[in-house]
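# Close look at the chain arrangement
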Amino acid sequence: MQFDRLWLNATLVTMDGPEGDPLGVIRDGAIAAKDGRIAWLGPRAAIPGSAAETIDCAGAHLLPGLIDCHTHLVFGGDRAGEFQQRLAGVSYEEIAKAGGGILSTVRATRAADEAALIASGTPRLAALMAEGVTTVEIKSGYGLDIETELRQLRAARALAAAHPVRIETTLLAAHATPPEYAGRRTDYAAHVAQDIIPAAAREGLADAVDAFLDTAIGFDARETAMVLDVAHGLGLPVKLHADQLRDDDGAAFAARHGALSADHIEYANPAGLRAMARAGSVGVLLPGAFYFIRETHHPDVAAMREAGLRLALATDLNPGSSPALSLLLMLNLGCTLFRLTVEEALLGVTRHAAAALGRQDRGRLAPGLLCDLALFDIRQPADLCYWIGRNPCTGRVVGGR
Ligand code: DI6
Ligand code: FE
């Protein structure tokens, strides 16, 4: 068999092992690409053909390219000033209720044109990519009007076109109520459902739709259902910010609506977590936001395990609750703050992150999948979770190149 490229002399961490061995490590392994996909992988001694180009990995660990399945990477301005307010004792919720928080980023994002959004997003994307990330989900949600929401998604698509990375866009127009709709939250949710989602769908700008289900500062169950039902009707998969600040029964709601994932879920109750597992929804844990807003209520990881819920880990990169540019740091925080095992954490940024995006074509090393790879100069997989502030990524491959 003739391959386009062959990587040799690597420890393959396939994330596709049998039951009980999720990492599926193959020592002295090799992996081959053909037409952008993985054509073969296995022990070096068993290579079944030759390749136009051969790359010596010098003993590196080779993983599926990492996936950051929840970011708000495209936004205007920053919130360092609010960070200082919070250090002086004001809470995240108090700031939000006083018109700051998400709404201050909305003002800055509306004031930024597409070129400015691309320019400020570029170094953030570069930071993620430098750690071996090959797929990034990017949400809108700082426009809260048709024009700016679509501009955010266009900026995300432009970033994808300009860099060797795959970007999945998510429309999050139901993130907060904009000032024009103050006191008319339900009317805004109806506008999202009737106008903004169809406009994004018409232009092919959204790969999925998300909403912030939160009875105090987001949208209630009826409003959220209105938004998600329209998305479903247009054939768009849905995701949810749920149970971040209180138990709104968001996990059960996500399950009922067939959500790809429910994200945050610090306050989710065990019955809701079981419903999610049965529905095939992924639980996305965001330890950067937990850490940065000094949340103290831990996600019920024991109940998640017992339910058999698949867990992902992501940066939640955003200016308010998680100004985090490192997915590797999330591995460490997921293990230290939430007591995830190394295997759970690594599945969370590969296989289960792919599931949270509804993408079965990545997140594992297996024949037929996209040949998206990340190379790390480490002694063992646990090193990726153990070090704080070390970037051992020595190479990344997207689509076999
Ligand atoms: N929850 C979050 O943590 C982000 N959005 C959300 O619904 C925070 C967004 C922000 O503060 O700008
Ligand atoms: Fe978020």
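On a predicted model such as this, the values are computed, not experimentally measured, just so you know. Every chain is numbered on its own, with residues counted from 1 as its sequence reads. Following the order in which they are written, the chains are lettered starting with A and the ligands numbered starting with 1. With pLDDT at 70 or above as the cut-off, local features in this predicted model cover only qualifying residues; side-chain atom pairs require 80 or more to be listed or tallied, and sums for whole chains, interfaces and linings still use all residues. Heavy atoms throughout the structure, all of them, feed into the side-chain values; hydrogens and water do not.

## Description of the overall build of the protein chain
Selection criterion: By definition, any uninterrupted DSSP run of H or I lasting at least four residues is a helix, any uninterrupted run of E lasting at least two residues is a strand, and each is numbered from the N terminus. Within these notes, the globule rule equals 2.2 Å times the number of residues to the 0.38 power, and the radius of gyration is based on C-alpha atoms. A contact between two residues is defined here by any heavy atoms of the two lying within 4.5 Å. Per-residue and other accessible areas were derived by the Shrake-Rupley procedure at a 1.4 Å probe size, with only the shown protein chains allowed to occlude residues. Positive charge is attributed to Lys and Arg, negative charge to Asp and Glu, and no charge count is given to His or to the chain ends. In this description, the location of a charge corresponds to atom NZ of lysine, CZ of arginine, CG of aspartate or CD of glutamate.
Secondary structure summary: the protein chain contains 15 helices and 15 strands in total. For a compact globule of 401 residues, the expected C-alpha radius of gyration is about 21 Å, and the protein chain comes in at 21 Å, within 12% of that figure. Considered along the principal axes of its C-alpha atoms, the protein chain spans approximately 70 × 45 × 45 Å. Counting only contacts in the protein chain whose residues sit at least 6 apart along the sequence, the fraction spanning at least 24 positions is 72%. Working note: accessible area of the protein chain is about 14900 Å², and carbon and sulfur atoms make up 52% of it. Side-chain charges in the protein chain split into 37 positive and 47 negative, and the spacing between the mean points of these groups amounts to 2 Å.

## Some details on the packing of helix H6 (residues 185–202) against helix H7 (residues 221–233)
What counts here: For helices, the fitted axis covers only the stretch in contact; all axes are lines through C-alpha atoms, and the angles between them, taken along N-to-C directions, range from 0 to 180 degrees. What sets the label is the angle itself: under 35 degrees gives roughly parallel, over 145 gives roughly antiparallel, 65 to 115 gives roughly perpendicular, and the rest give oblique.
Between H6 and H7, the shortest axis-to-axis distance is 9 Å and the interhelical angle comes to 5 degrees. With respect to H7, the element H6 is oriented roughly parallel. Residue-level inspection shows Arg185, Thr186, Ala189, Ala190, Val192, Ala193 and Ile197 of H6 in contact with H7, the latter providing Arg222, Glu223, Met226, Val227, Val230 and Ala231.

## What about the pairing of strand S1 (residues 2–13)?
To keep it simple, the criterion reads: Relative accessible area decides the class of each residue, using a 1.4 Å probe on protein chains only: under 20% of the type maximum gives buried, over 50% gives exposed, and in between gives partly exposed. Only when DSSP finds a minimum of two bridges between them are two strands counted as paired.
In terms of burial, S1 is a largely internal element, nine of the 12 residues being buried. Two elements, S1 and strand S4 (residues 50–56), share six bridges in a ladder whose sense is parallel. Looking across to S4, one finds that Phe3 is bridged to Ala51. Across six bridges, S1 lies against strand S2 (residues 25–34) in antiparallel orientation.

## Remarks on the site of ligand 1
To be explicit about the condition: We call a residue near a molecule or strand whenever a single non-hydrogen atom of that residue lies within 4 Å of it. Polar contacts here mean pairs of N or O atoms no more than 3.5 Å apart (in protein, one a potential hydrogen donor and the other a potential acceptor; neighbouring residues in sequence count only if both atoms are side-chain atoms). Residue polarity follows a fixed list, in which Ala, Val, Leu, Ile, Met, Phe, Trp, Tyr, Cys and Pro are nonpolar, Asp, Glu, Lys and Arg are charged, and the others, Gly among them, are polar.
As a structural note, the neighbourhood of ligand 1 is formed by 13 residues, with Arg79, Tyr92, Tyr142, His175 and Ser321 the closest of them. Within the side chain of Arg79, an N or O atom sits 2.7 Å from an oxygen atom of ligand 1. One nitrogen or oxygen atom from the side chain of Asp316 is found 3.4 Å from an oxygen atom belonging to ligand 1. For ligand 1, the protein covers 100% of the area, taking 320 Å² as the surface of the free molecule. Tallied by class, residues from the shell around ligand 1 come to four nonpolar, seven polar and two charged.

## Some remarks on the packing of aromatic side chains
We apply this condition: Any two of the Phe, Tyr and Trp rings considered here, Trp counted by its six-membered ring, make a pair once their centres fall within 6.5 Å; the pair's planes then place it as stacked at under 30 degrees, edge-to-face at over 60, or tilted in between.
For the structure shown, the criterion picks out six aromatic pairs. For the pair Phe83 and Phe292, a centre-to-centre distance of 5.1 Å together with 15 degrees between the ring planes defines the contact as stacked. Here the residue Phe83 occupies a position in helix H1 (residues 80–87), and Phe292 occupies one in helix H10 (residues 287–292), the gap between them amounting to 209 residues. With relative accessibility at 17%, the residue Phe292 sits in the buried group. Ring-pair connections join several aromatic residues into one group, and the members of that group are Tyr181, Tyr188 and Phe219.

## So, the coordination of the iron ion (ligand 2)
The condition that has to hold: Metal-coordinating donors are taken as N, O and S atoms lying within 2.8 Å of the metal, or within 3.2 Å when the metal is Na, K or Ca; because water is left out, some sites can appear incomplete. Any coordination sphere not matching a tetrahedral pattern (four donors, all angles between 85 and 135 degrees) or a square planar or octahedral pattern (four or six donors, opposite donors over 155 degrees apart, other angles between 65 and 115) is reported as irregular.
Each protein donor to the iron ion (ligand 2) is listed here as His70 (NE2), His72 (NE2), His241 (NE2) and Asp316 (OD); together their distances run 2.1 to 2.3 Å. If you look at the iron ion (ligand 2), its four donor atoms make angles of 83 to 167 degrees with each other, and the shape they trace is irregular. Mapping the donors of the iron ion (ligand 2) onto the primary sequence yields the spacing H-x1-H-x168-H-x74-D. Taken together, the positions of His72 in the loop between strand S6 (66–68) and H1 and Asp316 in the loop between strand S13 (311–313) and helix H12 (327–338) put the pair 244 residues apart, joining distant regions of the chain. In this structure, His72 and Asp316 share a single accessibility class: buried.

## Considering the environment of Leu62
With respect to the element layout, Leu62 can be found in strand S5 (residues 61–64). In sequence terms Leu62 and Ile378 are 316 residues apart; their C-alpha atoms lie 9.8 Å from each other.

## Things to note about the sheet that holds strand S12 (residues 282–285)
Strands sit in the order S6-S7-S8-S9-S10-S11-S12-S13 across an open sheet of eight strands; the sheet is parallel. Of all the strands in the sheet, the pair left with one neighbour each is S6 and S13. Going across the sheet, the axis of each strand differs from the next one's by a mean of 25 degrees, ignoring polarity. As judged from the three bridges shared by S12 and S13, these two strands associate in the parallel manner.

## Focus: helix H5 (residues 146–162)
Our working definition: Each residue after the first adds 1.5 Å to the expected span of a helix.
With 17 residues, H5 should cover 24 Å at 1.5 Å per step; its first-to-last C-alpha distance of 24 Å lies within 8% of that length. The complete set of buried residues in H5 reads Thr148, Glu149, Leu150, Arg151, Gln152, Leu153, Ala155, Ala156 and Leu159.

## Looking at the nonpolar core
Here is the rule: Definition used in this section: a nonpolar core is a set of buried Ala, Val, Leu, Ile, Met, Phe, Trp, Tyr and Cys residues joined via side-chain atoms within 4.5 Å.
Counting 93 residues, the largest nonpolar core has Leu73, Val136, Leu171, Leu285 and Leu331 as its most contacted members. When neighbours within four sequence positions are excluded, Leu285 is seen to be in contact with His264, Ile265, Pro299, Val301, Met304, Leu311, Ala312, Leu313, Ala314, Phe338 and Leu340. Residues Ala10, Cys57, Leu365 and Leu369 belong to the second largest nonpolar core, which totals 17 residues.

## Some points on the pattern of salt bridges
Formally: Just to be clear on terms, a salt bridge is a Lys or Arg side-chain nitrogen sitting within 4 Å of an Asp or Glu carboxyl oxygen.
Summed over the entire model, instances satisfying the criterion amount to 22 salt bridges. Residue Arg154 is joined to Glu203 by a salt bridge in which the shortest nitrogen-to-oxygen separation is 3.2 Å. Separated by 49 residues along the polypeptide, Arg154 in helix H5 and Glu203 in the loop between H6 and strand S9 (208–213) bring together distant segments of the chain. One salt-bridge network, held together by shared partners, links Glu168, Arg359, Asp361 and Arg362.

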